[in-house]
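# Understanding the architecture of this molecule
Chain by chain, the residues run as shown.
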Amino acid sequence: GEVRTLSSERGHHARPVFSPDGKTVVFEKRGGGYLVSPLWSSETGIYALAFDGGPMRRVSKRGSRPQFGARSDRVYLSEEEESKDADVHRLFSIGIPGLDPNAAREALDERVEVESANATEFALSPDGKYVAFAERFQVHIAALPATGRKLSVGPKGAAVPTARVSKDAGDHVQFSGDGARLY
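Overview of the structure. (Residues numbered from 1 in each chain as written. Predicted model: local features only at pLDDT ≥ 70, side-chain atom pairs only at ≥ 80, totals over all residues. Heavy atoms only, no water.)

### Notes on the sheet that holds strand 13 (residues 162-164)
Spatially, 4 strands are ordered 9-10-11-13 in an open sheet, and the strand pairing comes out antiparallel. Looking at which strands have only one partner, the edges of the open sheet turn out to be strand 9 (119-124) and strand 13. With direction set aside, neighbouring strand axes in the sheet form an average angle of 25 degrees. Note that strand 10 (residues 130-135) and strand 11 (residues 138-143) share 6 bridges and pair antiparallel. Bridge pairing in strand 11 places Val 131 opposite Ala 142. (Pairing = 2+ DSSP bridges. Helix = DSSP H or I, 4+ residues; strand = E, 2+ residues; numbered from the N terminus. Axes fitted to C-alpha atoms, helices over the stretch in contact; angles between N-to-C directions.)

Next comes the structure, spelled out in structure tokens:
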């Protein structure tokens, strides 16, 4: 198809994803430096943009690797918290406020969905019922029940059914569009 410019705002934009209803694009706005120009590096974070046009709106100042589950009004982000005692890797979700610039900004309703001591990445299934994660060079999949509480996952997790799905290794984990395959 044709190329379409959604925004003329300059910046280092990466990892765009469409919402399930196709009306919103969510992406990372990164800072520059080292090999990338530091120009246009202000106000980094996760942004949403209506596909029909309009201004970019920052959804979160932190997080990376945006993705959607079954709903178009919540985006899922990864983050890592490093401390002297242990690292914690999380998949948290945040509500996307309406993109109408004249509407009042809604509460963002942020919550931690999944947490792991050793996972390096998370992938949410399109229906939001499973989470795949890479840990210690292996890929695992776990059920993700809608409990509204944080779920701890790991290869030997007992809280929910978990299975290893890779034989040797795995990286850049993602589900197919219909959720039937894991790549």
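That was the structure; now back to the text.
### Thoughts on the nonpolar core
In this structure, Val 114, Phe 122, Val 131 and Val 153 are the most contacted members of the largest nonpolar core, which totals 13 residues. Mapped by element, the contributors of at least two residues to this core are strand 9 and strand 10. For this core, the element with the highest residue contribution is strand 9, accounting for 3 residues. (Core = buried A, V, L, I, M, F, W, Y, C linked by side-chain atoms within 4.5 Å. Buried < 20%, exposed > 50% of the residue type's maximum accessible area, 1.4 Å probe, protein only.)

### Here we look at the pattern of salt bridges
Enumeration according to the criterion identifies 14 salt bridges in this entry. For the salt bridge of Glu 110 with Arg 62, the shortest nitrogen-to-oxygen distance reads 2.8 Å. Remark: Arg 62 occurs in the loop between strand 4 (57-60) and strand 5 (64-67) and Glu 110 occurs in the loop between strand 7 (88-95) and strand 8 (111-116); sequence separation between them is 48 residues. Taking the relative accessible area as the measure of exposure, Glu 110 reaches 40% and is therefore partly exposed. A salt bridge links Arg 74 to Asp 109; its shortest N-O distance comes to 3.0 Å. Here Asp 109 lies in the loop between strand 7 and strand 8 and Arg 74 lies in strand 6 (residues 74-81), a separation of 35 residues in the sequence. On the accessibility criterion, Asp 109 (45% relative accessible area) is partly exposed. Three or more residues joined by partner-sharing salt bridges are found here, namely Arg 62, Glu 79, Glu 81, Arg 90, Glu 110, Glu 115 and Lys 150. (Salt bridge = Lys/Arg side-chain N within 4 Å of Asp/Glu carboxyl O.)

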